[in-house]
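Chains, contacts and geometry: an overview
Chain by chain, the residues:
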Amino acid sequence: MTQQRLSSDEIKSAVSQLTDWQFNADHTAIHRQFKFKNFKSAFAFMTMAAMQAEQMNHHPEWANVYNKVDVTLTTHDVSGLTELDVTLASFMDKTAAGMSQ
């Protein structure tokens, strides 16, 4: 299924509903750093997020160093943000909130 790039107003509205996500300079991606109490918790978060991303067929750009997970979301097919990015970001927010951070 082809995704439609969100308009500027749709992006601002969607991101305002998310926790601590920031736009990149040209508003084609969003970024957040999650911080956990240790590596094990960070890796558990990444595992849950990876399983959801695979189900969605929408994969994040991310990096992990000890207790931090840096995530960037964008939809490369449309060179911008789509509902997939917002949905995955929301899942990550809820998952992280349910874990000891």
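Notes on the structure in this doc start here. (Residues numbered from 1 in each chain as written. Predicted model: local features only at pLDDT ≥ 70, side-chain atom pairs only at ≥ 80, totals over all residues. Heavy atoms only, no water.)

**So, the sheet that holds strand β3 (residues 61-65)**
As a reminder, the rule being used: In this scheme, strands are said to pair when DSSP sees at least two bridges between them. The way it works is that DSSP assigns letters per residue, a run of H or I at least four long becomes a helix, a run of E at least two long becomes a strand, and they are numbered from the N terminus.
Ordered in space as β1-β2-β4-β3, the 4 strands form an open sheet in which the pairing is antiparallel. Each having just a single partner strand, β1 (22-23) and β3 make up the two edges of the open sheet.

**Quick look at the packing of aromatic side chains**
Filter applied, for reference: When two rings of Phe, Tyr or Trp (its six-membered ring) have centres within 6.5 Å they constitute a pair, described as stacked for plane angles under 30 degrees, edge-to-face for angles over 60, and tilted for the intermediate range.
For the coordinates displayed, the defined rule picks out 5 aromatic pairs. Between F34 and F36, the aromatic rings sit 6.5 Å apart at their centres with planes inclined by 20°, giving stacked as the arrangement. Between F34 and F45, the aromatic rings sit 4.7 Å apart at their centres with planes inclined by 40°, giving tilted as the arrangement. Placement of the pair is F34 in strand β2 (residues 30-35) and F45 in helix α2 (residues 39-56), with a sequence separation of 11 residues. By the ring-pair criterion, three or more aromatic residues cluster together here, those being W21, F34, F36 and F45.

**Details of a nonpolar patch on the surface**
Formally: Patch membership is restricted to residues that have no salt bridge and whose relative accessible area is over 30%. Joining uses 9 Å for like charges and 5 Å for the nonpolar side chains Val, Leu, Ile, Met, Phe, Trp and Tyr. Only the protein chains shown count as covering a residue, and every accessible area follows the Shrake-Rupley method with a 1.4 Å probe. Note on definitions: salt bridges are taken to be side-chain nitrogens of Lys or Arg within 4 Å of carboxyl oxygens of Asp or Glu.
Taken together, F39, F43, V65 and Y66 make up a surface patch of nonpolar side chains, about 440 Å² in accessible area. Tracing the chain through its elements places V65 in strand β3.

**Some remarks on unusual backbone geometry**
Formally: The rule is simple: take the accessible area with a 1.4 Å probe, protein chains only, and divide by the maximum for that residue type; under 20% is buried, over 50% is exposed, in between is partly exposed.
Positive phi outside glycine occurs at Y66, with the angle close to 45°. Counting through the fold element by element, Y66 comes out in the loop between β3 and β4 (68-73). A positive phi angle, close to 55°, is found at S79, a residue other than glycine. Structurally, the position occupied by S79 is in the loop between β4 and α3 (83-97). Its relative accessible area of 47% is what places S79 among the partly exposed residues.

**Thoughts on the environment of D9**
With respect to the element layout, D9 can be found in helix α1 (residues 8-16). Residue D9 is classed as exposed on the basis of its relative accessible area of 61%.

**Brief notes about α3**
What counts is decided by this rule: Multiplying 1.5 Å by the residue count of a helix minus one yields the expected span of that helix. Whether two residues touch is decided by their heavy atoms; if any such pair falls within 4.5 Å, the residues are in contact.
Its 15 residues give α3 an end-to-end C-alpha distance of 21 Å, which sits within 8% of 21 Å, the value for a rise of 1.5 Å per residue. Every buried residue belonging to α3 is among L84, D85, V86, L88, A89, M92, D93, T95 and A96, and all of these are buried. Buried positions along α3 lie against α1, β2, α2, β3 and β4.

**Some details on the pairing of β3**
Pairing geometry for β3 and β4, over 5 bridges, is antiparallel. Bridge pairing in β4 places E61 opposite T72. From the end of β3 to the start of β4, which pair antiparallel, there are 2 residues, and Y66 there has a positive phi angle of about 45°.

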